[in-house]
Amino acid sequence: LNHYPNSLLFELTPRCNLTCVHCSSHGQPELHRAHNRMQEMSPDMLTHLADEVFPSLTSLCLVGRGEPTMASAKLWRSFTEAVIKHRVLLAIITNGCFIPHRITPDLLPFIDNITFSIDGLLGETFAANRIGASASVGIVTGKKAGSKGY
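To keep things clear, this report deals only with the structure shown in the data block. (Residues numbered from 1 in each chain as written. Predicted model: local features only at pLDDT ≥ 70, side-chain atom pairs only at ≥ 80, totals over all residues. Heavy atoms only, no water.)

### Observations regarding the overall build of the chain
Our working rule: Secondary structure counts use DSSP, requiring at least four H or I residues in a row for a helix and at least two E residues in a row for a strand, with both numbered from the N terminus. Classification of residues uses two cut-offs on accessible area relative to the type maximum, computed with a 1.4 Å probe and protein chains only: under 20% is buried, over 50% is exposed, and between them is partly exposed. Residues are treated as being in contact if the distance between any of their heavy atoms lies within 4.5 Å. Surface exposure here means Shrake-Rupley accessible area, sampled with a 1.4 Å probe, where a residue is shielded only by the protein chains that are shown.
Broken down by element type, the chain carries six helices and six strands. Taken from N to C terminus, the helices and strands of the chain fall in the order β-β-α-α-β-α-β-α-β-α-β-α. Taken across its 150 residues, the chain has 39% of its residues classed as buried. When contacts within the chain are restricted to residue pairs at least 6 apart in sequence, long-range pairs at least 24 apart make up 67% of them. Put simply, the chain shows about 8300 Å² of open surface, and 58% of that area lies on carbon and sulfur atoms.

Next comes the structure, spelled out in C-alpha coordinates:
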(Lines give C-alpha, C1' and ligand atoms only; values in the text may rest on other atoms or scores of the structure.)
Protein backbone atom coordinates (compact mmCIF):
# COMPACT_ATOMS: atom_id res chain seq x y z
CA LEU A 1 0.00 0.00 0.00
CA ASN A 2 1.15 3.50 -0.69
CA HIS A 3 -1.06 4.86 2.11
CA TYR A 4 -2.53 3.80 5.44
CA PRO A 5 -6.26 3.11 5.78
CA ASN A 6 -8.57 5.85 7.04
CA SER A 7 -10.65 3.45 9.17
CA LEU A 8 -9.79 0.41 11.21
CA LEU A 9 -11.55 -2.37 13.14
CA PHE A 10 -9.58 -2.97 16.30
CA GLU A 11 -9.43 -5.63 19.04
CA LEU A 12 -7.87 -4.71 22.37
CA THR A 13 -8.68 -7.96 24.17
CA PRO A 14 -10.12 -11.40 23.44
CA ARG A 15 -11.57 -11.52 26.98
CA CYS A 16 -15.26 -11.25 27.84
CA ASN A 17 -17.35 -11.12 30.98
CA LEU A 18 -20.31 -13.00 29.43
CA THR A 19 -20.87 -16.47 27.95
CA CYS A 20 -23.45 -15.81 25.24
CA VAL A 21 -24.82 -19.03 23.73
CA HIS A 22 -24.44 -17.78 20.13
CA CYS A 23 -20.81 -16.64 20.53
CA SER A 24 -18.12 -18.65 18.74
CA SER A 25 -15.44 -17.38 21.16
CA HIS A 26 -17.20 -17.45 24.54
CA GLY A 27 -20.38 -19.48 24.05
CA GLN A 28 -19.03 -22.67 25.59
CA PRO A 29 -17.33 -22.77 29.00
CA GLU A 30 -14.05 -24.23 27.69
CA LEU A 31 -13.81 -21.60 24.91
CA HIS A 32 -14.70 -18.84 27.38
CA ARG A 33 -11.93 -19.97 29.74
CA ALA A 34 -9.41 -20.29 26.88
CA HIS A 35 -10.12 -16.82 25.48
CA ASN A 36 -10.11 -15.24 28.93
CA ARG A 37 -6.63 -16.68 29.53
CA MET A 38 -5.31 -15.04 26.34
CA GLN A 39 -3.27 -11.89 26.65
CA GLU A 40 -4.69 -8.54 25.69
CA MET A 41 -2.72 -6.20 23.47
CA SER A 42 0.19 -4.70 25.39
CA PRO A 43 0.16 -0.94 25.98
CA ASP A 44 3.59 -0.73 24.30
CA MET A 45 2.29 -2.47 21.16
CA LEU A 46 -0.75 -0.19 21.16
CA THR A 47 1.43 2.92 21.45
CA HIS A 48 3.68 1.77 18.60
CA LEU A 49 0.70 0.95 16.37
CA ALA A 50 -1.13 4.16 17.30
CA ASP A 51 1.89 6.35 16.55
CA GLU A 52 2.25 4.74 13.13
CA VAL A 53 -1.36 4.23 11.98
CA PHE A 54 -3.70 6.50 14.00
CA PRO A 55 -2.54 9.75 12.33
CA SER A 56 -4.11 8.55 9.05
CA LEU A 57 -7.38 7.40 10.65
CA THR A 58 -10.65 9.27 10.71
CA SER A 59 -12.52 6.43 12.44
CA LEU A 60 -11.83 3.41 14.55
CA CYS A 61 -14.23 0.65 15.64
CA LEU A 62 -13.58 -1.41 18.75
CA VAL A 63 -14.84 -4.93 18.16
CA GLY A 64 -13.49 -8.43 18.47
CA ARG A 65 -13.77 -11.86 20.01
CA GLY A 66 -14.28 -10.36 23.45
CA GLU A 67 -15.76 -7.32 25.15
CA PRO A 68 -13.61 -4.40 23.98
CA THR A 69 -14.23 -2.28 27.07
CA MET A 70 -12.98 -5.11 29.33
CA ALA A 71 -9.37 -4.18 28.59
CA SER A 72 -7.20 -3.48 31.62
CA ALA A 73 -7.23 0.05 33.02
CA LYS A 74 -3.67 0.65 31.78
CA LEU A 75 -4.46 -0.49 28.23
CA TRP A 76 -7.74 1.45 28.15
CA ARG A 77 -5.96 4.62 29.32
CA SER A 78 -3.27 4.19 26.62
CA PHE A 79 -5.97 3.58 24.02
CA THR A 80 -8.08 6.61 24.93
CA GLU A 81 -4.99 8.84 25.10
CA ALA A 82 -4.07 7.76 21.54
CA VAL A 83 -7.63 8.33 20.26
CA ILE A 84 -7.69 11.82 21.75
CA LYS A 85 -4.14 12.68 20.66
CA HIS A 86 -4.83 11.70 17.05
CA ARG A 87 -8.43 12.98 17.07
CA VAL A 88 -9.95 9.72 15.80
CA LEU A 89 -13.71 9.13 15.90
CA LEU A 90 -14.52 6.01 17.87
CA ALA A 91 -17.29 3.44 17.44
CA ILE A 92 -17.71 0.69 20.03
CA ILE A 93 -19.63 -2.57 19.73
CA THR A 94 -20.24 -3.66 23.30
CA ASN A 95 -22.38 -5.62 25.72
CA GLY A 96 -22.49 -2.37 27.71
CA CYS A 97 -21.41 -3.69 31.09
CA PHE A 98 -18.31 -1.49 31.38
CA ILE A 99 -19.50 1.64 29.54
CA PRO A 100 -20.17 3.68 32.71
CA HIS A 101 -16.53 3.14 33.75
CA ARG A 102 -14.95 3.65 30.34
CA ILE A 103 -16.60 6.62 28.65
CA THR A 104 -15.15 9.70 30.31
CA PRO A 105 -15.83 13.38 29.60
CA ASP A 106 -12.49 13.77 27.78
CA LEU A 107 -13.31 10.83 25.46
CA LEU A 108 -16.92 11.81 24.84
CA PRO A 109 -16.22 14.27 21.97
CA PHE A 110 -14.56 11.44 20.05
CA ILE A 111 -17.44 8.94 20.36
CA ASP A 112 -19.11 8.49 16.98
CA ASN A 113 -21.45 5.71 18.10
CA ILE A 114 -21.91 2.94 20.62
CA THR A 115 -23.72 -0.20 19.53
CA PHE A 116 -25.16 -2.25 22.37
CA SER A 117 -25.62 -5.97 21.72
CA ILE A 118 -29.13 -6.91 22.80
CA ASP A 119 -30.52 -10.38 22.19
CA GLY A 120 -34.14 -10.41 23.29
CA LEU A 121 -36.64 -7.89 24.55
CA LEU A 122 -37.90 -10.03 27.39
CA GLY A 123 -35.64 -10.33 30.42
CA GLU A 124 -35.83 -14.14 30.31
CA THR A 125 -34.84 -14.28 26.63
CA PHE A 126 -31.98 -11.83 27.13
CA ALA A 127 -30.66 -13.76 30.16
CA ALA A 128 -30.88 -17.08 28.27
CA ASN A 129 -28.90 -15.67 25.30
CA ARG A 130 -26.38 -13.61 27.28
CA ILE A 131 -25.44 -15.74 30.25
CA GLY A 132 -24.10 -13.52 32.99
CA ALA A 133 -26.04 -10.44 31.84
CA SER A 134 -29.26 -8.79 32.84
CA ALA A 135 -31.58 -7.00 30.43
CA SER A 136 -32.42 -4.45 33.12
CA VAL A 137 -28.73 -3.62 33.62
CA GLY A 138 -28.33 -3.25 29.84
CA ILE A 139 -31.35 -0.97 29.62
CA VAL A 140 -30.20 1.17 32.54
CA THR A 141 -26.71 1.45 31.01
CA GLY A 142 -28.22 2.44 27.64
CA LYS A 143 -30.44 5.05 29.28
CA LYS A 144 -27.50 6.51 31.22
CA ALA A 145 -25.44 6.62 28.05
CA GLY A 146 -28.26 8.39 26.21
CA SER A 147 -28.75 10.91 28.99
CA LYS A 148 -25.02 11.73 28.85
CA GLY A 149 -25.21 12.30 25.12
CA TYR A 150 -23.47 9.20 23.77
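### Focus: the packing of aromatic side chains
Using the following cut-off: Classification of ring pairs rests on two measures: the distance between centres of Phe, Tyr or Trp rings, Trp counted by its six-membered ring, which must be within 6.5 Å, and the angle between planes, read as stacked under 30 degrees, edge-to-face over 60 and tilted in between.
All told, the structure shown has three aromatic pairs when counted by the stated rule. On the numbers, 5.9 Å between centres and 70° between planes, the contact of Phe10 with Phe54 is edge-to-face. Of this pair, Phe10 sits in strand 1 (residues 7-10) while Phe54 sits in the loop between helix 2 (43-53) and strand 3 (59-62), placing them 44 residues apart in sequence. For Phe10, a relative accessible area of 5% gives the class buried. Residues Phe10 and Phe79 carry aromatic rings whose centres are separated by 6.1 Å and whose planes lie at 20° to one another, so their mutual orientation is stacked. Linking Phe10 in strand 1 with Phe79 in helix 3 (residues 73-86), this pair joins segments that are 69 residues apart in sequence. As far as the burial class goes, Phe10 and Phe79 line up, both buried. An aromatic cluster of at least three residues, connected via ring pairs, comprises Phe10, Phe54, Trp76 and Phe79.

### Considerations on the nonpolar core
Put simply, the rule is: By nonpolar core we mean a set of buried residues, namely Ala, Val, Leu, Ile, Met, Phe, Trp, Tyr and Cys, connected to one another through side-chain atoms within 4.5 Å.
Phe10, Leu12, Phe54, Leu60 and Phe79 are the most contacted members of the largest nonpolar core, which totals 25 residues. Of all the secondary-structure elements, those providing two or more residues to this core are helix 2, strand 3, helix 3, strand 4 (89-94) and strand 5 (111-116). In terms of residue count, the dominant contributor to this core is helix 3 (five residues). Sequence-distant contacts of Leu60, defined by excluding residues within four places in its chain, comprise Leu8, Phe10, Phe54, Phe79, Val83, Val88, Leu89, Leu90 and Ala91.

### Quick notes on the layout of surface pockets
Rules: Definitions used throughout: a 1 Å grid over protein atoms alone; a cavity as a set of points that fits a 1.4 Å probe which cannot get out; a pocket as an open set with protein on both sides within 12 Å along at least five of seven lines; a lining residue as one with an atom within 4 Å of a point. Grid points are joined across faces, edges and corners, and a volume is the space filled by probe spheres set on the points. Each residue is assigned to one class: nonpolar for Ala, Val, Leu, Ile, Met, Phe, Trp, Tyr, Cys and Pro, charged for Asp, Glu, Lys and Arg, and polar for all the others, Gly among them.
Its boundaries defined by the atoms lining it, the largest pocket holds a volume of some 250 Å³. The wall of the largest pocket is formed by 18 residues, among which Gly64, Arg65, Gly66, Ser117 and Arg130 lie closest to the centre. Elements represented by at least two residues in the lining of the largest pocket include exactly strand 2 (19-20) and strand 4. Looking at side-chain class alone, the lining of the largest pocket contains seven nonpolar, eight polar and three charged residues.

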